[in-house]
Each structure stands twice: as C-alpha cells, then as structure tokens.
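Fold and geometry: a report
Listed below, chain by chain, are the residues.
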Amino acid sequence: MPAQSGGRAVAAGQDGRWEAWMAAAQAGDARAYDLLLRDCLPLLRAIARRRIADRHEAEDAVQDTLLTIHRMLATYDPTRPARPWIAAIAERRCVDRLRRRGRGAGREASIDDHAESLAAPPGATGEDRVAARQLREAVADLPESQRTALRLAKLEDLPLAEAAARSGLSIGALKVATHRALKTLRRRFGVED
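These figures come from a predicted structure and were not determined experimentally. (Residues numbered from 1 in each chain as written. Predicted model: local features only at pLDDT ≥ 70, side-chain atom pairs only at ≥ 80, totals over all residues. Heavy atoms only, no water.)

**Structural notes on the overall build of the protein chain**
Helix and strand counts for the protein chain come out as nine helices and two strands. The order of α-helices and β-strands along the protein chain, N terminus first, is β-β-α-α-α-α-α-α-α-α-α. Across the 193 residues that make up the protein chain, the buried fraction comes to 33%. When contacts within the protein chain are restricted to residue pairs at least 6 apart in sequence, those whose partners lie at least 24 apart make up 61%. Carbon and sulfur atoms form 53% of the exposed surface of the protein chain, whose accessible area is close to 12400 Å². (Helix = DSSP H or I, 4+ residues; strand = E, 2+ residues; numbered from the N terminus. Buried < 20%, exposed > 50% of the residue type's maximum accessible area, 1.4 Å probe, protein only. Contact = heavy atoms within 4.5 Å. Areas by Shrake-Rupley, 256 points an atom, 1.4 Å probe, with all protein chains shown as cover.)

This is the structure:
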C-alpha cells in the first residue's frame, strides 16, 4: 500500500529515499548516487524482464538505463518523485533495444544455424587452412579498436556492457567498431551485405 509523503504517493519501502539520494547525487555525493543505483536495480530489472524475453538483452537494457540515468542526472527535478522518472527511462531504453533488435533481425542470421560451417573439421583441407590464414590476416589488418570490438562482442560473445567496459569504449562506440570491422571483412572477401 503506498504511503503518503508530502502530498504524493511513495512506494512502500522507498519513503522518499530516492528523491533524497537523487538530490544529493546532483550535488556531487558519490555515496548517495551509489545507494540510489543499487536500490533501484530491482525495479530496472523487473521492467526490463517484463518487456524483453531474452535475459541478456534485458540486462543490456538495464545497463543502458543506468548509463542514461548517469547522463541525465542533472535534468532530474528534485521536487518530483524519482521512481516515475527512473521507470520512464527504463521503459524507453527497453523500447529502444527492442526496436534496434527488430531492425537487425532481418539482416542477421543466427550463428547456431551455421555452426557446422564455422569449425574446421579435424582433417581440414589445405584450402580451408589458407582461408583461415587469410581471415586471420584480414582481422590483423583491422584497426586495434575494431579488432578488440570484434573479439569481445562477436568471438567471446560478451554482453555489450561488459565488452564495452573491457575495451574502454562506450557501448555505442563498441557497436560502431564491430559493425565497421564486419563490413571491412565482408568487403575484403567479396561477401554482399
């Protein structure tokens, strides 16, 4: 049952803490900011899991939300409830992720559908070894940021947030670097998009 605080409904257990932490975070209090982000994670995850079936995509949406909260912290009005502001950001990041996923779905094929063609059989032919060497050389010719993005996002299949953190790139920069690397490799080997 929501409790009343200052004429507005506040979720049980929250009782104005988020608003206080948000105001303190805007004033530069790192501890308050940390407490806020940790305390709102269950809400963010619940919203993401309700909207996005794939748990990895849902967690990426949570990370996108946290980054957006960080970027938009200065825009929060401390006289307004924090929960709806945070929930609205989470909802938008989920919708954004689903839209991007929908746009990419028509151009991407599941790697599982082609697993037999990815791994060379034990008795690989000389032609296969030459192709593998050419691919390694083509990847080595890529700029370092593209090689790193390709390795982390595609070969190690890390979640975007983790790949971005390990590479030192933002999620957006990681996506762009990965896209450019794949485009360069496709062009080099004459594969049409």
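**Quick word on the environment of P159**
Its place among the elements puts P159 in the loop between α7 (144-155) and α8 (160-167). Distance in space between the C-alpha atoms of P159 and I171 is 10.0 Å, their sequence separation being twelve residues.

**Re the nonpolar core**
Core analysis: the largest hydrophobic core is formed by 29 residues, its most contacted members being W18, M22, L36, L44, I69, W85 and I86. Contributing elements (two or more residues each) for this core: α1 (17-26), α2 (30-51), α3 (55-72) and α4 (82-105). Top contributing element to this core by residue count: α2, with ten residues. Setting aside chain neighbours within four positions, we find M22 in contact with L36, L73, Y76, A82 and W85. With eleven residues, the next largest nonpolar core counts A149, L152, L158 and A177 among its residues. (Core = buried A, V, L, I, M, F, W, Y, C linked by side-chain atoms within 4.5 Å.)

**Digging into helix α9 (residues 171-188)**
Relative to the 26 Å expected for 18 residues at 1.5 Å per residue, α9 spans 26 Å between its end C-alpha atoms, a close match to the ideal helical length. Of all the positions in α9, only I171, L174, A177, T178, A181 and L185 are classed as buried. For α9, the arc enclosing every buried residue in end-on projection is 125°, short of the 170-degree limit, so these residues lie on one face. Downstream of α9 by one or two residues, G190 has phi in the positive range, about 70°. (Expected span 1.5 Å × (residues − 1). Arc of directions from axis to C-beta.)

**So, the pattern of salt bridges**
This structure, assessed with the given rule, holds 13 salt bridges. For R45, the salt bridge identified is with E59, shortest N-O distance 3.0 Å. Of this pair, R45 sits in helix α2 while E59 sits in helix α3, and the two are 14 residues apart along the sequence. Taking the relative accessible area as the measure of exposure, R45 reaches 27% and is therefore partly exposed. Here E59 falls in the partly exposed class, since its relative accessible area comes to 24%. Residues R100 and D64 are paired through a salt bridge, measuring 3.4 Å at the closest nitrogen-oxygen approach. With a gap of 36 residues between them, R100 in helix α4 and D64 in helix α3 connect regions that are remote in the sequence. By relative accessible area, which is 34% here, R100 ends up partly exposed. Taken together, the shared-partner salt bridges connect E57, D60, D64, R97 and R100 into one network. (Salt bridge = Lys/Arg side-chain N within 4 Å of Asp/Glu carboxyl O.)

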